[in-house]
Every structure is written in structure tokens, then in C-alpha cells.
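Coordinate analysis (summary)
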Amino acid sequence: MSGFSRRDLIVSGLGFSAASMIARSAWARTASMMSESAEALAAVAPREHLLFDFGWKFKFGDGQDPAKDLDFGLSQGDFAKTGDFKFAKEKFDDSKWRTLNLPHDWAVELPFVRDKELESHGFKPLGRRYPETSVGWYRRVFDIPESDLGRRIWVEFDGAFRDVIVFVNGCFIGRNNNGYAPFQFDLTDFLRYGKKNYIVARVDASFGDGWFYEGAGIYRHVWLSKMDALHLGNWESCVRSEVTGSNATLALSTVVQNDGDKAESAKVKWQIVDASGKTVATAESPAQQIGADGKGTFTAAAKLPNAAMWSVETPNLYQAVVTVEAAGKNRDAERISFGVRTAKFTADKGFLLNGKQVKIMGTCNHQDHAGIGAALPDAMQWFRLAVLREMGGNAVRTSHNMPTPEWVDACDRMGMMMMCETRQMSSNPEGMAQLEVMIKRHRNSPSIILWSVGNEEFLLQSPMAEQGKKIATEMVRRCHELDPTRMVSAAVNGDNRQGISDAFDVLGFNYNLKNPESYHKDFPSRPIYGSETSSAIATRGMYSNDKLRNTMNSYDGVVPWGETAEDWWKYYGEREWATGGFAWTGFDYRGEPTPYGWPSINSQFGIVDMCGYPKDNYYYYKAWWGKDPVVHVFPHWNWTGREGDEIAVWAYSNLDEVELFVNGKSAGSQRVPHLGHVQWKVRYEPGSIEARGSRDGKVVSTDKRETTGPAAAIKLTADRTEINGDGEDVAVIRVEGLDKEGRLVPLADDHIGFKVTGAGVLIGVGNGDPNCQESDKAPQRSLFNGLAQVIVQATKEAGEIKIEAFKEGWGGADLTPAAITIRTKKVELRPVVA
């Protein structure tokens with residue numbers, strides 16, 4: 001947006017569709033991919049990579065009073081007392097602490113508080129003024145066998161929010177104060193071998209990294225890695241491909257580190273494996289001497305004939321098994337996934353993937369979901385991505401931070417391109433460290449087509465243009481050093497004519513379509529894309545702007561700086577030189593309640609709501625981004641009290657023409673404009689509206705809305721009826737209010753209670769209402785415009801999960817209850833810490 005951003009302007013406080021669940025065929029595909037992903041990411045012997053998520057204890061601390069914070073900070077000399085932190089020792093009593101599993105976000109469990117200073121983060125009581133809910137303590141007892149003596153043992157956090165201090169066996173280990181980058185500590189010298197060990201993490205969420213909901217706590221996975229003293233460097237193994245015709249040459253590199261007390265002669269072997277498990281290439285790096293406490297870089301090359309290319313349509317992946325050998329023994333090994341593809345941004349043809357022009361049809365997304373906040377089980381990453389994929393999307397932007405590894409892996413396997421973004425745009429040590437970790441960790445992922453070093457840093461564009469240019473130049477230089485195969489950019493809310501922009505390989509424009517048009521005219525040799533576009537706003541199932549109810553219409557709602565879905569896509573979709581772009585946003589998200597404030601607690605920018613239920617705009621994108629015939633008519637047809645009033649009826653379609661029928665009578669046929677929609681105004685009478693879409697004179701698709709009766713029954717539908725009994729997998733349950741004819745009631749708001757029994761637990765509920773302040777964790781939720789959502793997680797047992805739903809409270813007619821059963825199958829569990 002020109003001159004201001006959402007951080008500066010949250011203007012004071014959008015529609016219903018068929019709102020179907022993602023197609024089960026899509027989930028059948030993703031379920032198979034999830035299984036393949038787990039196998040591909042497993043550790044390779046002799047290394048162990050153990051999941052450290054289960055069996056933690058938790059309690060709140062206090063950011064102000066040491067007496068309520070385990071006496072931590074009572075004395076300024078605390079950190080001088082090595083080994084004296086009693087809460088991380090054997091005899092400490094944590095029996096009254098809560099037992100939980102990770103990932104965990106305690107912010108989503110907190111009540112909403114009406115405080116303007118909390119608005120952008122979703123009105124959750126976090127910060128210096130809320131010390132009693134801003135600090136959390138995690139504690140875990142774990143075993144280290146005596147046989148591990150001599151190995152290097154690391155604890156690895158994929159992400160925690162935000163300021164984390166780690167203690168083991170009474171000793172201070174280390175500190176991290178970034179909410180998104182992974183971090184790790186070497187525990188080798190502090191462990192008790194053959195005995196019980198005690199790890200404690202104090203997490204302080206008083207300060208944020210962004211201006212949106214960020215959660216609180218250890219919200220990503222934790223791991224314990226065990227390896228030989230002679231081992232591969234962390235995230236140092238890299239595969240780069242150069243494509244010539246149908247063949248590829250692989251440039252292989254890694255770093256071997258020697259943490260032992262004597263020099264060793266080591267060599268590295270590479271085994272390239274295709275999707276079927278067949279070895280298709282091998283390579284070996286010559287042996288070299290690595291001194292004690294030293295490291296060495298190893299390189300090799302391999303030929304890959306008839307390479308299976310990674311693309312949006314065919315996301316083919318390979319694996320590289322990298323092995324360190326010394327004295328005739330395999331000392332360490334790891335497995336990395338990679339893809340073979342070319343990606344290039346051009347000034348005249350837009351983006352080329354494997355030499356073919358591909359429009360970027362993307363969305364920006366934060367990382368939280370209804371009911372569970374920022375602590376998403378792995379399966380939810382796939383669920384969310386499948387929602388966007390089913391819409392026709394082919395790209396995501398990780399707004400505005402380094403993503404969780406599972407989101408990247410899902411993109412690799414589902415064929416979704418990614419603009420991968422770091423949180424801190426700075427060339428200071430912290431900013432550069434975050435950037436380096438992001439690139440090293442994810443540079444083997446073929447889905448990533450672009451690195452982004454920042455978002456809307458308007459001060460570095462102007463008035464700090466001189467400093468901004470230096471900062472951006474240094475960050476781009478480092479990106480190219482670590483990964484010379486990808487271009488670098490940032491999301492810029494301005495004209496890109498000063499400051500940071502000179503350094504970028506590709507220019508990203510946020511909003512204001514006059515800016516890219518003018519820039520391309522003056523600088524036709526520079527590639528351009530829409531780094532952030534649209535900011536259309538809608539409340540699912542609502543068709544008027546109502547400031548008293550904080551709702552927005554589903555026709556053409558948009559913020560002052562944004563564009564409707566049609567406006568932005570007509571611009572980027574019709575210009576050959578324009579690469580495409582990323583709509584703000586795919587999903588609604590907590591915080592930044594736009595366009596209203598309290599009692600709204602989340603944004604209304606999403607193409608789908610917080611649960612992933614489509615708004616009407618979803619079908620505009622599905623029509624023009626997808627390949628299947630689409631007809632979607634709206635609004636609903638329940639307008640009691642408005643008989644005789646004119647109602648605007650719209651239809652999204654990619655067919656030649658659409659004819660509207662009202663109670664069986666034609667209201668006229670209209671040609672569908674390219675990248676547009678058709679609309680009518682008709683007088684309301686109870687009955688039905690039906691849109692019939694034709695191609696070449698033949699009706700090929702129809703969509704219908706009927707006037708329903710009041711809700712009479714509840715319906716439950718699961719995204720999957722069988723999940724893994726591994727303590728991690730989840731099923732997402734769609735909850736509907738139906739009339740006696742079995743039709744979804746588009747205005748139903750009944751309060752529904754839930755009971756979950758058997759081999760699973762309820763971990764979250766939601767309904768997509770941006771103004772709903774009901775608990776995300778209670779076994780109950782009101783329907784919002786006919787829908788709610790329940791998320792259940794399997795235990796580690798094979799069996800069945802039974803979910804029951806029933807009407808709660810007084811008022812209104814009783815609803816026929818519903819029940820559904822999810823099977824949990826026995827699977828091989830991921831290796832875990834005992």
C-alpha cells in the first residue's frame with residue numbers, strides 16, 4: 001500500500017458459499033504424500049533423530065515477580081551459579097504442573113481482553129503489562145543410556161515463541177530470542193549417562209516479532225539428535241542441479257565436523273535415490289584429514305540421465321543419502337530430499353519453470369488455524385495446503401517469517417511453489433543469522449522459487465533510503481553466496497525506485513497497481529511480480545456491510561489500499577510480462593482485525609475463513625486458476641422479511657455463459673467476461689435460484705441455492721475416516737446445521753456441544769466467525785452461518801475415535817444429534833525420546 005501499511009492503519013470494523021470441504025480425492029492424495037514424507041525424513045543410521053514432543057510438564061511463570069517465577073531472577077547473580085538451577089534437577093517437585101505434548105501454544109488458550117494495545121495480536125493478554133500470562137515453563141525428564149557416552153547429543157527446537165532459556169541438569173545451556181528461526185544446543189557435556197536427565201525451558205512471550213497473532217510457547221517440534229563426534233554439519237549438505245536437455249548434473253557439497261580430540265581421515269559418499277527407491281546415481285568425495293575440533297568441506301558431482309523434473313503438475317522428488325566414512329566405518333549419515341528443476345524470473349515472459357511460462361497464482365498466509373493457534377500438528381499443514389491447492393493456487397508466501405519445515409515439505413510434495421521470507425530485514429548479526437539459517441535449512445527444497453528478505457520496510461525505502469540500500473545489498477549478497485541458484489526479492493509497499501529496491505533481482509510490488517505499471521514502462525528489463533495484492537475483505541455468509549455486527553459483504557469488499565480479486569488478477573493475469581502474485585490472504589488469521597476492531601478478534605482478508613471454509617471469492621479463483629468447469633452462485637436464498645426486495649445475485653464461472661433461474665423461471669443469460677463475473681438483480685421470493693453454465697451451447701455445470709427451513713439436525717463429516725494412531729495425526733470434522741430436508745441452513749447459529757471418546761482427544765474448535773470469542777478449547781461451539789469445526793487428535797493406540805454432537809443451551813428447536821467414528825490404525829511410531 002502506498003504511504004502506509006496495515007501496521008499503521010487498522011481501519012475501524014466478508015460471504016457464504018457452498019462452503020464445501022476440500023475434495024476427498026485431494027485428501028486421498030495428500031494422505032499418501034504424508035506417509036511418504038515421514039519415511040523420507042527419517043534418520044539414517046548410525047545417527048538418531050528422536051522426536052522430543054511427548055510427556056512435558058507446563059506451568060505459568062511471571063514476567064515481573066520472581067516469587068511466582070520459580071524464584072528465577074531473584075538474584076542478579078543467578079547465571080553465575082553453574083549447576084544451581086534447582087528446577088532443572090532431580091528432586092524438584094513438578095507434580096502439580098500440567099502434563100501436555102508439543103507443539104503447544106498457550107496464547108490460544110487465554111481469554112480475550114479488550115485492550116487496544118493487544119488488537120494486532122488478537123486481544124490475547126501477552127506483554128509486559130500481563131506478566132502472569134506471558135511466561136511459561138516447560139519441564140521434561142528423559143533417559144540417556146550409558147552407551148551414548150562419546151557421541152554428540154543436541155537438543156533442537158524448530159521454533160518457540162519467543163525468548164527461550166534452556167537448562168539441563170541444573171545448568172544454564174543457552175538462550176534464543178527469535179520466534180521463528182530454529183535453534184539448537186549441544187548437551188553432550190551436561191548429560192548424565194545411564195541416568196535420568198532434566199531439561200527445562202523458560203519461554204517469555206512478552207515481546208513480539210510481528211504485528212499479527214504469533215502465539216506463545218514451544219509451538220513447533222523439538223528433537224534430540226545423537227551422532228558420532230565425526231559428523232555432518234547441521235544443514236550443510238546441499239544438492240544443486242544443472243539441467244541440459246533431459247539430463248541433469250548434480251553439484252554435491254557438505255561439511256564434515258570433527259568434535260573429537262584427534263585428527264581423522266574422512267571421506268563422503270553420496271547415493272541418489274528416486275521416488276521408487278532405486279539408486280540412480282552415486283558419487284564419492286576424496287578423503288581428507290580433519291583436525292581435532294576442525295571441519296572440512298567435501299564436494300562431488302553426479303550425472304542424472306533422464307531426470308524426473310519437479311513441477312507444479314508433477315512434483316517429482318529425489319533423495320540424497322550422505323554418508324561420512326572413516327577407518328572403514330560409517331560414522332554419520334543423513335537423508336535429504338531435493339528436486340530437479342529450473343526457475344527463472346524474466347522481464348518479458350514472467351516466470352519460467354523448466355523453461356515454460358507459469359503464472360504465479362499465490363496467496364500470502366500466516367501460520368495459525370482455528371482452535372489450535374500457532375501449534376499446528378503436521379497433518380494440518382497438509383490440510384491447509386490442500387484447501388489452497390483445490391482452489392487452483394500454485395504458490396504460497398510465508399508471510400512474514402521463516403516457515404515450519406513441515407509446511408515446506410508439504411509444498412515440495414504437493415507441487416506448490418513458495419516465496420520463502422525471513423522475519424527480520426537487517427544486516428545486523430541477528431538478521432543475518434536468521435537469513436543464513438533459513439537458506440541453509442531450505443535450499444534443497446524445489447518448491448522454493450524465491451527468497452524474500454523482508455516485508456513493507458517503508459523506513460528503509462524512505463526516509464532511510466541510504467541505509468536501506470546498504471542493508472538490502474548485504475542481505476542479497478549473502479543469499480547469493482549461500483544459494484546462487486535462486487533470485488532474491490522483498491515485498492515492497494512503494495514504487496521501488498529508491499532504498500532497498502536497487503539490490504533485488506526481482507521487484508515485488510504490494511498493492512497500488514499504478515506502481516508496477518509505471519515501473520515497467522520506465523525499466524522494462526527488470527522482472528516484476530505482485531508480492532502482496534488484493535486485501536479483499538469478506539465475512540463468510542454475509543452480504544451487507546454492518547458496522548453494528550462487524551461484518552462485511554461478500555460481493556466487493558476491499559480495504560482502501562487494496563483491490564478486489566477481479567481487479568488484481570485482471571492486471572497480473574493479462575500482462576505477459578507480469579509474473580503473477582500473492583493475494584492477501586489465503587486464510588483468515590488471528591489479530592489485525594480488519595476492517596473493524598473489538599469485538600472482532602481476527603482479520604477478514606482470507607479467501608477462506610479461519611477453519612478453511614471457502615468464502616464466495618474462493619470460487620472466483622477456482623474458476624480462473626483451476627481447470628475444471630466452475631459455476632458458483634450466491635448469495636443464499638433465506639431472506640425472510642425482504643420479500644419483494646431486489647437482491648443482487650452474482651455468479652463466478654469460467655464457462656461461456658451463465659443463465660439464472662429464479663423459482664424455475666429464467667432471469668436471463670449472460671456471457672461471462674474473461675477473468676470477470678456475471679450478476680443480476682432479482683426480487684426475492686422464497687424458493688430457489690439456480691445458475692446454469694454453458695460451453696459451446698451445452699449446459700455443463702449448475703449451482704443452486706434454496707430457501708431452507710430452520711435447523712433440525714446436526715451433520716458431522718470427517719476429512720478422513722482413518723488416521724494414524726501415532727499420537728500426532730488429526731482428523732478435521734465439519735459440523736453442519738441441516739433443515740428437515742437435509743439442506744445446509746445458511747444462517748444457523750445453534751450452540752453445539754461435543755463429546756470425544758476412544759482413541760483420540762479434542763484439541764480445538766472453531767467456526768470461522770471473526771467476532772466469536774468463545775473458547776477454542778472447550779468441547780462446544782456455536783455454528784456460524786451453518787458451520788463449525790472440530791479437530792481431534794489420535795492417541796498412540798489403534799482403535800476408534802467417536803465424536804458426538806448435540807444441541808446445547810436453551811432456545812430454538814431441538815436438533816437431532818449426530819455421531820461419527822474415526823478409525824485409528826496401528827503404524828510404526830517415529831523414534832521418540834524416552
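The following refers to the structure shown. What you are looking at is a predicted structure, and each value in this text was computed from that prediction instead of being measured.

Calculation criteria
Residues numbered from 1 in each chain as written. Predicted model: local features only at pLDDT ≥ 70, side-chain atom pairs only at ≥ 80, totals over all residues. Heavy atoms only, no water. Helix = DSSP H or I, 4+ residues; strand = E, 2+ residues; numbered from the N terminus. Rg over C-alpha atoms; globule rule 2.2 N^0.38 Å. Buried < 20%, exposed > 50% of the residue type's maximum accessible area, 1.4 Å probe, protein only. Areas by Shrake-Rupley, 256 points an atom, 1.4 Å probe, with all protein chains shown as cover. Lys, Arg positive; Asp, Glu negative; His and termini not counted. Charge placed at Lys NZ, Arg CZ, Asp CG, Glu CD. Axes fitted to C-alpha atoms, helices over the stretch in contact; angles between N-to-C directions. Parallel < 35°, antiparallel > 145°, perpendicular 65-115°, else oblique. Left-handed = near helix turned anticlockwise from the far one by under 90°. Contact = heavy atoms within 4.5 Å. Nonpolar A, V, L, I, M, F, W, Y, C, P; charged D, E, K, R; others polar. Arc of directions from axis to C-beta. Pairing = 2+ DSSP bridges. 1 Å grid on protein atoms, 1.4 Å probe; cavity = no way out; pocket = protein on both sides within 12 Å on 5 of 7 lines; lining within 4 Å. Points joined across faces, edges and corners; volume = space filled by probe spheres on them. Salt bridge = Lys/Arg side-chain N within 4 Å of Asp/Glu carboxyl O. Core = buried A, V, L, I, M, F, W, Y, C linked by side-chain atoms within 4.5 Å. Phe/Tyr/Trp six-rings, centres within 6.5 Å; stacked < 30°, edge-to-face > 60°. Lys NZ or Arg CZ within 6 Å of the ring centre and 35° of its normal. Polar contact = N/O pair within 3.5 Å; in protein donor to acceptor, adjacent residues only side chain to side chain.

1. A short note on the overall build of the protein chain
Each helix and strand in the protein chain was counted, giving 9 helices and 45 strands. Expected size for 834 residues packed as a compact globule is a radius of gyration near 28 Å; at 27 Å, the protein chain falls within 12% of this value. Principal-axis analysis of the C-alpha atoms gives the protein chain an extent of 90 × 60 × 55 Å. Within the protein chain, the fraction of its 834 residues that count as buried is 62%. Accessible surface, the protein chain: about 31,300 Å² in total, of which carbon and sulfur atoms supply 48%. Separation of charge centres in the protein chain, based on 97 positive and 108 negative side chains, amounts to 1 Å.

2. Re the packing of helix α4 (residues 429-442) against helix α6 (residues 465-482)
Relative orientation and spacing of two packed helices are given, respectively, by the angle between their axes and the distance between those axes. At a minimum axis distance of 10 Å, the contact between α4 and α6 shows a crossing angle of 30°. Overall, the two elements α4 and α6 adopt an arrangement that is roughly parallel. Both α4 and α6 take part in a crossing whose hand is right-handed. Residues Met432, Leu435, Glu436, Ile439 and Lys440 of α4 lie in contact with α6, whose contacting residues are Glu474, Met475, Arg478, Cys479 and Leu482. The residue makeup of the contact of α4 with α6, split by class, is 6 nonpolar, no polar and 4 charged.

3. Points about the environment of methionine 425
Turning to its location among the elements, methionine 425 is positioned in the loop between β24 (417-421) and α4. With a relative accessible area of 7%, methionine 425 lands in the buried category. Taking the C-alpha atoms as reference, methionine 425 lies 37 Å from serine 285; in sequence the two are 140 residues apart.

4. A few points about helix α7 (residues 514-522)
Listing the buried residues of α7 in full gives Asn515, Pro516, Tyr519 and His520. On an axial view of α7, the arc spanned by its buried residues comes to 125°, and they lie on one face. In α7, those exposed residues whose orientation departs by more than 90 degrees from the buried face are Lys514 and Lys521. For α7, the secondary structure elements touched by its buried residues are β27 (507-510), β28 (528-534) and α8 (565-574).

5. Focus on the sheet that holds strand β37 (residues 713-718)
Judged by pairing direction, the sheet is antiparallel, and its 4 strands sit side by side in the order β37-β39-β43-β41 without closing on themselves. Edge positions in the open sheet fall to β37 and β41 (760-766), since each of these has one partner strand only. Pairwise comparison of adjacent strand axes, ignoring direction, gives a mean angle of 25° for this sheet. Note that β37 and strand β39 (residues 730-738) share 6 bridges and pair antiparallel. What sits directly across from alanine 713, in β39, is leucine 738.

6. Remarks on empty space enclosed by the protein
By volume, the largest cavity amounts to about 150 Å³. Partitioning the lining of the largest cavity into residue classes produces 3 nonpolar, 8 polar and 2 charged. Estimates place the volume of the second largest cavity at around 90 Å³. Of the residues contributing to the lining of the second largest cavity, the split by class is 5 nonpolar, 4 polar and 4 charged.

7. A closer look at the pattern of salt bridges
Taken as a whole and judged by the stated rule, the model has 57 salt bridges. A salt bridge links arginine 331 to aspartate 228, with the shortest nitrogen-to-oxygen separation between them at 3.0 Å. In this pair, arginine 331 is assigned in strand β18 (residues 329-338) and aspartate 228 in the loop between β10 (222-227) and β11 (230-232), connecting sequence segments 103 residues apart. Exposure remark for arginine 331: the relative accessible area of 13% places this residue in the buried category. Owing to a relative accessible area of 24%, aspartate 228 belongs among the partly exposed residues under this scheme. With a closest N to O distance of 3.2 Å, glutamate 736 and arginine 734 form a salt bridge. Residue class for glutamate 736 comes out buried when judged on its relative accessible area of 8%.

8. Here we look at the pairing of strand β22 (residues 360-365)
With respect to burial, β22 is a largely interior element, 6 of its 6 residues being buried. The pairing of β22 with strand β29 (residues 578-584) spans 5 bridges and is classified as parallel. Counterpart to methionine 361 in the pairing with β29 is glycine 581.

9. Some thoughts on the nonpolar core
Residues Val453, Phe504, Trp569 and Tyr621 are the most contacted members of the largest nonpolar core, which totals 98 residues. Tallying contributions element by element places helix α2 (residues 378-390) first for this core, with 8 residues. Grouped together as the second largest cluster of nonpolar side chains are 70 residues, Ala160, Ile218, Tyr529 and Phe582 included.

10. A short note on the sheet that holds strand β30 (residues 631-634)
Read across the sheet, 3 strands follow the order β30-β31-β34 without closing on themselves; strand pairing throughout is antiparallel. Looking at the sheet topology across the chains shown, the edges are occupied by β30 and β34 (678-683). Pairwise comparison of adjacent strand axes, ignoring direction, gives a mean angle of 20° for this sheet. Direction of pairing for strand β31 (residues 646-653) relative to β34: antiparallel, over a ladder of 6 bridges. Residue pairing for β34: alanine 648 is matched across the bridge by lysine 681. Sitting on the sheet, helix α9 (residues 617-625) is in contact with β30 and β31, with an inclination near 30° to β31.

11. Overview of the pairing of strand β44 (residues 799-807)
Note that strand β40 (residues 751-758) and β44 share 7 bridges and pair antiparallel. The residue bridging threonine 757 from the neighbouring strand is lysine 802, located in β44.

12. Concerning the packing of aromatic side chains
Applying the stated criterion across every chain, the model contains 49 aromatic pairs. Each ring, one from tryptophan 637 and one from tyrosine 684, has its centre 5.1 Å from the other, and the planes form 70°; the classification is edge-to-face. Of the two residues, tryptophan 637 is situated in the loop between β30 and β31 and tyrosine 684 in the loop between β34 and β35 (688-695); the sequence distance between them amounts to 47 residues. Arginine 590 extends its terminal NZ or CZ atom over the ring of tyrosine 213, reaching a point 5.6 Å from the ring centre.

13. Focus on the environment of glutamine 257
With respect to the secondary-structure elements, glutamine 257 resides in strand β13 (residues 247-258). Take glutamine 257: its relative accessible area is 22%, and that puts it in the partly exposed class. Each C-alpha atom of the pair glutamine 257 and glycine 208 lies 35 Å from the other, and the pair is 49 residues apart in sequence. Leaving out residues up to four positions away in the same chain, glutamine 257 has contacts with Ala229, Leu230, His231, Gly294 and Lys295. A distance of 3.1 Å separates polar atoms of two side chains, one belonging to glutamine 257 and the other to aspartate 259.

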